[in-house]
Amino acid sequence: YFLQMSVEVERKFLFDSDTLKAIEDIGDCVGQKQFHDKYFDTPDFKLTLRDVWLRRRKQSWELKCPIDPVNGAVEPGREKSLCTQYKEITNLPEIYQRVKEVIKDTCENCDADITPSDEDDSWLNTLKLCCFAEFTTTRRSFTLKGEDGVKIDLDQADFGYHVGEIEVLVPEGGDIQSAQEKIRHTAQRLGLNEERRVEGKMTVYLKRYRPEQYAILLSAHVL
Ligand code: V4E
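Predicted model, so just to flag it, every value in this text is computed and none were measured.

Asks: Is there a simple way to think about the site of the ligand in this case?
Replies: Taken together, K12, W53, K64, T84, Y86, T137, E165, R197, G200, K201, M202 and L223 make up the full set of residues near the ligand. Those elements giving two or more residues to the shell around the ligand turn out to be strand 5 (83–89) and helix 6 (201–209). When grouped by side-chain class, the residues that make up the shell around the ligand number 4 nonpolar, 3 polar and 5 charged.

Shown next as structure tokens:
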């Protein structure tokens with residue numbers, strides 16, 4: 001069957017009213033929306049320890065995983081580049097297969113022949129998945145003239161953190177390096193001068209509300 005898979009390349013940035021003005025000056029607002037996310041993992045963090053993020057957003061399932069899934073390993077000394085790239089999977093049967101693959105070592109029910117359903121969450125119980133984070137985001141999205149395929153999102157999370165992201169979606173087999181170039185160029189146009197990776201909503205959420213998971217992911221070099 002057809003697999004909807006693309007790679008999301010993105011760079012997060014901190015913004016204030018000056019950045020917002022710069023974006024409004026050179027870009028077009030293409031919409032504002034609100035969405036509620038619920039993230040799921042096993043009680044011993046099998047997914048997030050592999051940098052795999054399962055969430056439900058607007059009644060749809062999404063899985064974000066590293067693009068180089070060689071054992072899903074997270075290298076200890078990995079250079080934290082400004083850009084991140086994750087594979088995005090939105091097809092539920094494919095999500096189910098991937099999740100099963102990651103947690104199989106300790107999943108007694110993994111051989112159970114079930115079909116995951118959008119209407120019924122019992123497949124979550126089968127895989128012992130529980131919700132570990134839940135928040136609502138208000139997002140304003142912008143495009144910039146002359147910057148094809150680049151989207152800018154300004155996110156305000158309901159737990160009191162806001163963060164921007166410059167994002168390029170690369171179809172399967174597409175050129176990730178040129179996406180990174182576009183992001184670098186856009187960052188320059190916006191006058192961003194971050195030298196380090198900026199914390200995402202999830203990092204801040206875990207630090208604040210799930211300190212145990214945060215500490216474990218930090219020492220596993222996932223965050
Ligand atoms: C924490 C995390 C992931 C889950 C959240 O992904 P994120 O892109 O931050 O969320 P959001 O709401 O902007 O999703 P979008 O609408 O863009 O699809 S996926 C990967 N991580 C790890 C991670 C990290 N360690 N550092 C940074 C800067 N980003 C992500």
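Asks: Help me out: how do you make sense of the environment of V30 in this one?
Replies: Along the chain, the position of V30 falls in strand 2 (residues 27–41). A C-alpha to C-alpha distance of 7.7 Å links V30 and R140, two positions 110 residues apart in sequence. Apart from the residues within four sequence positions on either side, V30 is in contact with S141, F142 and T143.

Asks: Would you mind going over helix 5 (residues 176–189) with me for this structure?
Replies: Counting along an α-helix, one turn takes 3.6 residues, and residues three or four places apart therefore face a common direction. Its 14 residues give helix 5 an end-to-end C-alpha distance of 20 Å, which sits within 8% of 20 Å, the value for a rise of 1.5 Å per residue. The set of residues buried in helix 5 consists of A179, I183 and T186. Viewed end-on, helix 5 has its buried residues packed into an arc of 65°, placing them on one side of the element. Opposite the packed face of helix 5, turned more than 90 degrees from it, sit the exposed residues Q177, E181 and Q188. G191, located one to two residues past helix 5, shows a positive phi value of around 70°.

Asks: Hey, could you run me through the nonpolar core in this one?
Replies: One recurring pattern in soluble globular proteins: nonpolar side chains tend to sit buried together. By size, the foremost hydrophobic cluster in this structure holds 23 residues, and its most contacted members are Y39, L47, V52, L54, V99 and A133. At the level of elements, strand 2, strand 3 (53–57), strand 4 (60–66), helix 3 (92–103), strand 6 (130–144) and helix 6 are the ones that each hand at least two residues to this core. Sort the elements by how many residues they give to this core and helix 3 lands first, with 4 residues. Discounting residues that sit within four places of it in the chain, V99 has contacts with L47, L54 and L127.

Asks: Is there a simple way to think about the pairing of strand 7 (residues 150–157) in this case?
Replies: Looking along a regular strand, one sees the side chains alternate between the two faces of the sheet. Alignment of strand 6 against strand 7, held across 7 bridges, turns out to be antiparallel. Paired with T138 across the bridge in strand 7 is Q156. With antiparallel pairing between neighbouring strands as the criterion, strand 6 and strand 7 make up a hairpin whose turn holds 5 residues, including G146 at a positive phi of roughly 75°. As defined by bridge partners, strand 7 adjoins strand 8 (residues 161–171) across 8 bridges and the pair is classed as antiparallel. The partner of K151 across the bridge, within strand 8, is E167. A loop of 3 residues connects strand 7 with strand 8, the two strands running antiparallel in sequence, and G160 in this loop sits at a positive phi of about 90°.

Cut-off values and rules
- Residues numbered from 1 in each chain as written.
- Predicted model: local features only at pLDDT ≥ 70, side-chain atom pairs only at ≥ 80, totals over all residues.
- Near = placed C-beta within 6 Å.
- Helix = DSSP H or I, 4+ residues; strand = E, 2+ residues; numbered from the N terminus.
- Nonpolar A, V, L, I, M, F, W, Y, C, P; charged D, E, K, R; others polar.
- Contact = placed C-beta atoms within 7 Å.
- Expected span 1.5 Å × (residues − 1).
- Buried ≥ 20, exposed ≤ 12 C-beta atoms within 10 Å, placed from the backbone.
- Arc of directions from axis to C-beta.
- Core = buried A, V, L, I, M, F, W, Y, C linked by C-beta atoms within 7 Å.
- Pairing = 2+ DSSP bridges.

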